[in-house]
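Summary of the model geometry
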Amino acid sequence: MNALTEKLRLRLDEDQLTNCMRCGFCLPACPTFAETGLEAESPRGRIALMKAVTDGIMEPDQAFEDQMNHCLGCRACEPACPAGVQYGQLIEQARDAIEDHKEHKTWVKVTRKAAFKTVFPHQERMKWVGRGLQFYQKSGLRTVAHASGAMKLFPKHMRDMEKVLPDASGRGVVEQIGERHAAKGEKIATVALFRGCIMDVLFTQTNIHTVDLLTAAGFEVVIPREQNCCGALHAHSGEAEGARDLARRNIKTFKAASVDYIVSNAGGCGAILTEYDHLLHEDPQWRDDAVWFADRVIDISDLLIRAGRSLDFSQNEAQGEAEPVRITYQDSCHLRNVMRSADAPRKLMRQVQGAEFIEMKNADRCCGSAGIYNITQPVMAGQILDHKMEHVEATGASYLLTSNPGCLLQMKHGIEEQGMSGQMKAVHIVDFLHERMKK
Ligand code: SF4
Ligand code: SF4
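Treat the numbers as computed from the prediction; the structure is a model and nothing was measured.

Rules and cut-offs
Residues numbered from 1 in each chain as written. Chains lettered and ligands numbered in written order. Predicted model: local features only at pLDDT ≥ 70, side-chain atom pairs only at ≥ 80, totals over all residues. Heavy atoms only, no water. Domains from an automatic or database assignment. Contact = heavy atoms within 4.5 Å. Buried area = accessible area lost by both parts, 1.4 Å probe. Salt bridge = Lys/Arg side-chain N within 4 Å of Asp/Glu carboxyl O. Polar contact = N/O pair within 3.5 Å; in protein donor to acceptor, adjacent residues only side chain to side chain. Nonpolar A, V, L, I, M, F, W, Y, C, P; charged D, E, K, R; others polar. Buried < 20%, exposed > 50% of the residue type's maximum accessible area, 1.4 Å probe, protein only. Helix = DSSP H or I, 4+ residues; strand = E, 2+ residues; numbered from the N terminus. Phe/Tyr/Trp six-rings, centres within 6.5 Å; stacked < 30°, edge-to-face > 60°.

Points about the domain arrangement of the protein chain
- Each assigned domain of the protein chain is listed with its residue range as follows: domain 1 (3-101), domain 2 (112-310) and domain 3 (315-436).
- On a C-alpha basis, the centroid separation for the pair domain 1 and domain 2 is 29 Å.
- Between domain 1 and domain 2, the contact holds six residues from the first and nine residues from the second.
- Counting the surface lost from both domain 1 and domain 2, the interface buries some 720 Å², and carbon and sulfur atoms represent 38% of this.
- The largest share of the area that domain 1 buries against domain 2 comes from E92, D96 and E99, three residues that together contribute 58% of it.
- The interface formed by domain 1 and domain 2 includes two salt bridges.
- Between E275 and R75 there is a salt bridge; the shortest N-O distance is 2.7 Å.
- Applying the counting criterion to the domain 1 and domain 2 interface returns five residue pairs in polar contact (both at pLDDT 80 or more).
- Within the side of domain 1 that touches domain 2, the residues separate by chemical class into no nonpolar, one polar and five charged.

Following this line, the structure appears as structure tokens:
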């Protein structure tokens, strides 16, 4: 038997594979099926391929591997499935087996090791990445790189992302504002902020604004210094053991903080944090603590709506803006499909005085960012983004809000690419709410 077949048989959850009754209800929700119309590019098709391999009907060849990689991992197929098939687990198991079996070229091995083992798991090293980026952006090096044509050495999709990178910071939220923040007024609960690794380097200000919103809504906020990357990129890229290691380290840190909630402001991170219980369900030493952790994870919008004191979002009126601004929202797939949070951000946006919320067509459909999908699968990601931007433009909004750093960068890139930057801004929902909150 092919060694990869053996690995897939061992890792793929047979119950989940057989739970799929081939009804096809998930097909209309799947972006890659919508783009191609191909059964193999659908959730049902991918599950059938996995099943065919584990049943010994087909070999896991390159075409099989390609189909597993073409999946965005957006998990829009899960809420659509009447049988409750946990597709996200299946695709992660398939990718883990493929990755374990794969013989990468030396440069790919070196890059993966640098990203997954040397940099992402260590927040201090992420800060050095932040400092390096900050130097590149502020020292004039960026201008030289653009003017000299050196950027042309990089593929187009990397150049596109570089253009929309926000100002990086070598000092994260803890270094800038400290670890503990008292609630304003009577305290409702104590929460811990999950600051994220990329969030804390590229969106430090969003983390600071998150603390402001939470304290204003009545929460005491702690930001445990020892926390690290959530492990989402590891889990989605076939590095399950790396993800488990990060999960154990985060659980240890947050348990010591002894809080009522663990708050995330990035859908991609929040989703995997809620799944630490699944990630460690076979580890008897960590299983119970993983359940403790996962039960406390919540997105900031949900926490503000469910348990916070209501906030006054009338700052725009105080600024004397004559016309209401029009805002729209692109869902973060993982926030919507895994954390099942779609209403709370919309409720908050509707509370902003002087802002008219317009629902965008297919706002629940992936924008093509999907972790590092826009780098690994640029053609499909570009196609999905083009269709997304047609719907964005039709809203006539001047603010496009999102709840995840990857989606935010992808939306910024879409706005640039379509020449819409004069009329529209992509902003994290936390930053928009903070700007509009009466201080
Ligand atoms: S995760 Fe997204 S892209 Fe992948 S099969 Fe499901 S709906 Fe399609
Ligand atoms: S909706 Fe669920 S059961 Fe139906 S084909 Fe899709 S994954 Fe299978």
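A short note on helix α27 (residues 429-436)
- A large share of α27 lies buried, amounting to seven of its eight residues.
- Among all positions in α27, only I429, V430, D431, F432, L433, H434 and R436 are buried.

As for the packing of aromatic side chains
- What the rule picks out here adds up to four aromatic pairs.
- Their ring planes at 85° and their centres at 5.7 Å tell us that F254 and F293 sit as a pair that is edge-to-face. Here F293 lies in helix α19 (residues 287-296) and F254 lies in helix α16 (residues 240-257), a separation of 39 residues in the sequence.
- For F254, a relative accessible area of 0% gives the class buried.
- Take F293: its relative accessible area is 0%, and that puts it in the buried class.
- In textbook terms, an aromatic cluster arises when at least three aromatic residues are bridged by ring pairs, as seen for F194, F254, Y276 and F293.

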